[in-house]
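So the chains spell out like this:
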Amino acid sequence: EVQLVESGGGLVQPGGSLKLSCVASGFTFSASTMHWVRQASGKGLEWVGRIRSKPNGYATAYAASVKGRFTISRDDSKNTAYLQMNSLKTEDTAVYYCASDYSVLFDYWGQGNLVTVSS
Amino acid sequence: QSVLTQPPSASGTPGQRVSLSCSGNSSNIGSNYVYWYQQLPGTAPKLLIYRNNQRPSGVPDRFSGSKSGTSASLAISGLRSEDEADYYCVAKDDSLSGPWVFGGGTKLTVL
């Protein structure tokens, strides 16, 4: 059974930093592109960024709204993807999902992790 | 303002057929595949349709997708109460908006 389990969310002040983790199981994590998608309360889904697999050079890409502030990385030995969020703004408050791209885009999703940016 | 345009709401009665639309442009839907996701209340999204009209295993054949030009549609036949959810379309975008863009989502109510 495929599972994506996120952790690391919480309350942080504007300008602060937070790092989310996404641990995968049930599929060949190292072969999968991994994405992060967020959803503000009562709003729609927004793609945040992605990291490709090793054969694809671990290439990353980001949405314009987070570029330069967020960094996606991965540790294939731990089946884990990370989302490092710096210079956080109140508008970054959202539930953050990791999602795999193993066979198909966003084929599996984590349970979501709430990040609240507030003073 | 989402890059892909979806009507915010739709409704239908049990057994009815409904169609949800998703409109884009030549840099996204017009030149790339469309994907659809279902988000039940309080849960993570789930893959419903991929590459315009393909269903993953486990998704009932009541759900079907199509694409024409710069628009796509998700059709649900034999509507059931458990279909009440938010539905999102996604496509790759070849412009600076990309690479992946979502529609704003359609909330489907089963009356």
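Computed from a prediction, not measured in an experiment: that's the story for all the values here.

A. Broad picture of the pairing of strand E7 (residues 85-92) of chain B. All names here are of chain B. Across the 8 residues that make up E7, a large majority, 6, are buried. Bridge count between strand E3 (residues 34-39) and E7: 6 bridges; the pairing is antiparallel. Looking across to E7, one finds that Gln 39 is bridged to Asp 86. As defined by bridge partners, E7 adjoins strand E9 (residues 106-110) across 3 bridges and the pair is classed as antiparallel. Across the sheet, residue Asp 86 finds its bridge partner in E9, namely Lys 107. Taken together, the 3 bridges between E7 and strand E8 (residues 100-102) define a ladder with antiparallel strand orientation. Bridging from a neighbouring strand, Val 90 pairs with Phe 102 of E8.

B. Up close: the nonpolar core. Residues Trp 36, Leu 83, Met 85, Tyr 96, Phe 106 and Trp 109 of chain A together with Phe 102 of chain B are the most contacted members of the largest nonpolar core, which totals 44 residues. Per element, the largest residue contribution to this core is 5 residues, and it comes from strand E9 (residues 94-101) of chain A. Among all residues touching Phe 102 of chain B, those that are not within four sequence positions of it are Val 37, Leu 45, Glu 46, Trp 47, Phe 106 and Trp 109 of chain A together with Ser 2, Val 3, Leu 4, Tyr 88, Cys 89 and Val 90 of chain B. In terms of nonpolar packing, the next biggest core, distinct from the first, is built from 22 residues, Val 18, Leu 48, Ile 49 and Val 101 of chain B among them.

C. How the structure looks around the interface of chain A and chain B. Chain A puts 18 residues into the contact, and the matching count from chain B is 16 residues. Counting the surface lost from both chain A and chain B, the interface buries some 1,400 Å², and carbon and sulfur atoms represent 68% of this. Ranking the residues of chain A by area buried against chain B places Leu 45, Trp 47 and Leu 105 of chain A at the top, with a combined share of 39%. Inspection of the region where chain A meets chain B yields 0 salt bridges.

D. How the structure looks around the pattern of salt bridges. The full count for this structure, using the stated rule, is 6 salt bridges over all chains. The salt bridge partner of Arg 38 of chain A is Glu 46 of chain A, with a shortest N-O separation of 2.7 Å. For Arg 38 of chain A, a relative accessible area of 6% corresponds to the buried category. Here Asp 83 of chain B ties to Arg 62 of chain B by a salt bridge, and the two come within 2.8 Å at their closest N and O atoms. Taken together, the residues Asp 83 of chain B in the loop between strand E6 (71-76) and E7 and Arg 62 of chain B in the loop between strand E4 (46-49) and strand E5 (63-68) connect sequence positions 21 residues apart. Taken individually, Asp 83 of chain B and Arg 62 of chain B each receive the classification buried, so the pair is uniform in this respect. Taken together, the salt bridges that share partners define one network made up of Arg 38, Glu 46, Arg 69 and Asp 92 of chain A.

Conventions adopted
Residues numbered from 1 in each chain as written. Chains lettered and ligands numbered in written order. Predicted model: local features only at pLDDT ≥ 70, side-chain atom pairs only at ≥ 80, totals over all residues. Heavy atoms only, no water. Buried < 20%, exposed > 50% of the residue type's maximum accessible area, 1.4 Å probe, protein only. Helix = DSSP H or I, 4+ residues; strand = E, 2+ residues; numbered from the N terminus. Pairing = 2+ DSSP bridges. Core = buried A, V, L, I, M, F, W, Y, C linked by side-chain atoms within 4.5 Å. Contact = heavy atoms within 4.5 Å. Buried area = accessible area lost by both parts, 1.4 Å probe. Salt bridge = Lys/Arg side-chain N within 4 Å of Asp/Glu carboxyl O.

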